[in-house]
Amino acid sequence: MDPHSGPPPPTLVLGAGLSGLMAAWHLHHRGFAIEVWEGSPAVGGWAQTLPWPGPQGEPGFLERGPQSLRVAQDAPLERLLRNLELDLRPSPSSPRGPRWLGRAGARHPSPATLRGLARAPGLTFLQKLRLLGEPFASAASHPDESLQAFFARRLGGAFAREWLPALVAGILAAPPERIGLSALPRLSYLERCGGLLLGSLRSGPERTRLPAGGVGALARALALALDKAPDTLHLNRAARALEPLPGGRWRVHGEGLAREADQVILALPSAAAAELLRPVAPEASELLDAIPRLDLRVWHSRHRPVPGWERGFGLLVHPPEGRGLLGAVSFAADDPRGVPGLMQVRTYLGGAYPIDAALETWPGVAAELRRWLPELPEAVQVREESCPGAFPLLEPGHGTRAARILQILPPGLHWLGADRFGPGIPDLAEGTETWARGAAI
Ligand SMILES: Cc1cc2nc3c(=O)[nH]c(=O)nc-3n(C[C@H](O)[C@H](O)[C@H](O)COP(=O)(O)OP(=O)(O)OC[C@H]3O[C@@H](n4cnc5c(N)ncnc54)[C@H](O)[C@@H]3O)c2cc1C
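Residues numbered from 1 in each chain as written. Predicted model: local features only at pLDDT ≥ 70, side-chain atom pairs only at ≥ 80, totals over all residues. Heavy atoms only, no water.

Chemist: Could you give an account of the packing of helix H2 (residues 76–84) against helix H17 (residues 425–438), with specific residues and numbers?
Modeler: Packing of H2 against H17 brings their axes to within 8 Å, and their N-to-C directions diverge by 85°. When the axes of H2 and H17 are compared, the pair comes out roughly perpendicular. Each of Pro 76, Leu 77 and Arg 79 in H2 lies in contact with H17, whose residues at this interface are Ile 425, Pro 426, Ala 429, Glu 430, Glu 433 and Arg 437. (Axes fitted to C-alpha atoms, helices over the stretch in contact; angles between N-to-C directions. Helix = DSSP H or I, 4+ residues; strand = E, 2+ residues; numbered from the N terminus. Parallel < 35°, antiparallel > 145°, perpendicular 65-115°, else oblique. Contact = heavy atoms within 4.5 Å.)

Printed below as a string of structure tokens:
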């Protein structure tokens, strides 16, 4: 379609999480008339910075989802952030402070650092030496391979058995044998660039960045850019049904209204997309419904600061020992989202791991946390913000399933989001940018 040949037909984007907003933003910049429907009262989906006043009512915030953004140079996310002219700063969250692996009953430096690599428990000297052979491992990744198989191939079986579960649980909340490579597309990319080590060196460092105003500011900036055109963004407007029209067009029904569109973009969690597709594309609906969603339980707590943790900390716990506690991460003391004088921690539990009954309430969680972090003082403030269905479990084999969904979607319907591109925001940025560039819409 030539974007300059008069008013283009409307494209309806369903969902104003980061996927929907990014897709709408790209299409808007290519001259398409866009309308976005968001079912909830706010934009951003999981990427929202929520108010959480301090103990005296001071301004303070918590992140509903990501606490910061990992940005690689010249990657789609970096381009997008630059385009939006967001005020970005180096993130004061965990990577600059100590990072630990909770394993064998004690806390050890994270094996993601060189010092940690030498000192972390569970691997013999020879098994640690095996890690250094990573650049020479066979490059044979397939999107349907499990993370367990991928890392065993590249870093050895001992690494995959002893350390990987904690590292993966802390990012994707599930065991590595249950997750397919399609959940972390960067791994396949690095392998194509020569392996984890050489690929990272060649593709340049990833920096942890934070927009002023929190991660939610990214969603707000996208929404603001879209909202400059009248009648573009509609909150509290959930799509309830899709009706096919002659000529491959669609009518989308909301509560008491309907809108016709040439193209409909489903930027929704899999269950919501499956619901809409059930009457019009039953096989695609069934495949989407088969993607398991993981519930994450998240506790936010504020504490008096611990000396040495001023730049924040990160803890990952070996899952069988954590009894459901997957890890904790804190803001730095000077993080503008926190309350001056207090350290802010987020503790996450659950995902694909059963939660021990003792960890159902904050006192149990706090006791378990102190097993790994004995220095942690009593919390001054606590708030639970659960994340039901937050993470799609993209199992080994998901690549084939995703390809089939794309193949059978009726013309005029598009499917985007964490279930297709992986839950990482850099992957969503790359996926939506590539899709928008190539989309025959
Ligand atoms: C606790 C937590 C920590 C995370 N940490 C990180 C991290 O550190 N780094 C990282 O990269 N990623 C992280 N993520 C993952 C990342 O936040 C998500 O993968 C990403 O935000 C998903 O965006 P999305 O737009 O695909 O989906 P969503 O955010 O789920 O957005 C979907 C939107 O669709 C709307 N919707 C649903 N049904 C309808 C309907 N019928 N009609 C209209 N609208 C509808 C919803 O209200 C929602 O706004 C984290 C997630 C969580 C929960």
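Chemist: Residues and numbers for the confidence of the model for the protein chain, please.
Modeler: On average, residues of the protein chain carry a pLDDT of 90, and 95% of them reach 70 or more. This stretch, residues 1–7, has a pLDDT under 50; its non-local contacts, to residues over four places away or in other chains, come to six contacts. (pLDDT = per-residue confidence, 0-100.)

Chemist: Just give me the short version of a nonpolar patch on the surface, but keep the residues and values in it.
Modeler: There is a patch of nonpolar side chains on the surface, built from Phe 125, Leu 126, Leu 129 and Leu 132 and spanning about 480 Å² of accessible area. Considering the arrangement of structural elements, one finds Leu 129 in helix H4 (residues 125–131). (Patch = residues over 30% accessible without salt bridge, like charges linked within 9 Å, V, L, I, M, F, W, Y side chains within 5 Å. Areas by Shrake-Rupley, 256 points an atom, 1.4 Å probe, with all protein chains shown as cover. Salt bridge = Lys/Arg side-chain N within 4 Å of Asp/Glu carboxyl O.)

Chemist: Hey, could you go over the sheet that holds strand E10 (residues 233–234) for me, with residue numbers and the actual values?
Modeler: Strand pairing within a sheet occurs via backbone hydrogen bonds; the two strands may be parallel or antiparallel. Read across the sheet, five strands follow the order E10-E2-E1-E14-E21 without closing on themselves; strand pairing throughout is parallel. Across the chains shown, the open sheet's two edge strands, defined by having one partner strand only, are E10 and strand E21 (413–415). Bridge count between strand E2 (residues 34–37) and E10: two bridges; the pairing is parallel. Counted as the bridge partner of Val 36 is Leu 233 from E10. Contacting strand E1 (11–14), E2 and strand E14 (263–266), helix H1 (residues 18–29) crosses the sheet at an angle of about 170° to E2. (Pairing = 2+ DSSP bridges.)

Chemist: Please give an account of the pairing of E14 that cites residues and values.
Modeler: Of the two faces of E14, the one holding Gln 263 and Ile 265 and the one holding Val 264 and Leu 266 are both buried throughout. As defined by bridge partners, E1 adjoins E14 across four bridges and the pair is classed as parallel. Opposite Leu 12, over in E14, you have Val 264 as the bridge partner. As judged from the three bridges shared by E14 and E21, these two strands associate in the parallel manner. In the sheet register, Ile 265 faces E21, and the bridge partner there is His 414. (Buried < 20%, exposed > 50% of the residue type's maximum accessible area, 1.4 Å probe, protein only.)

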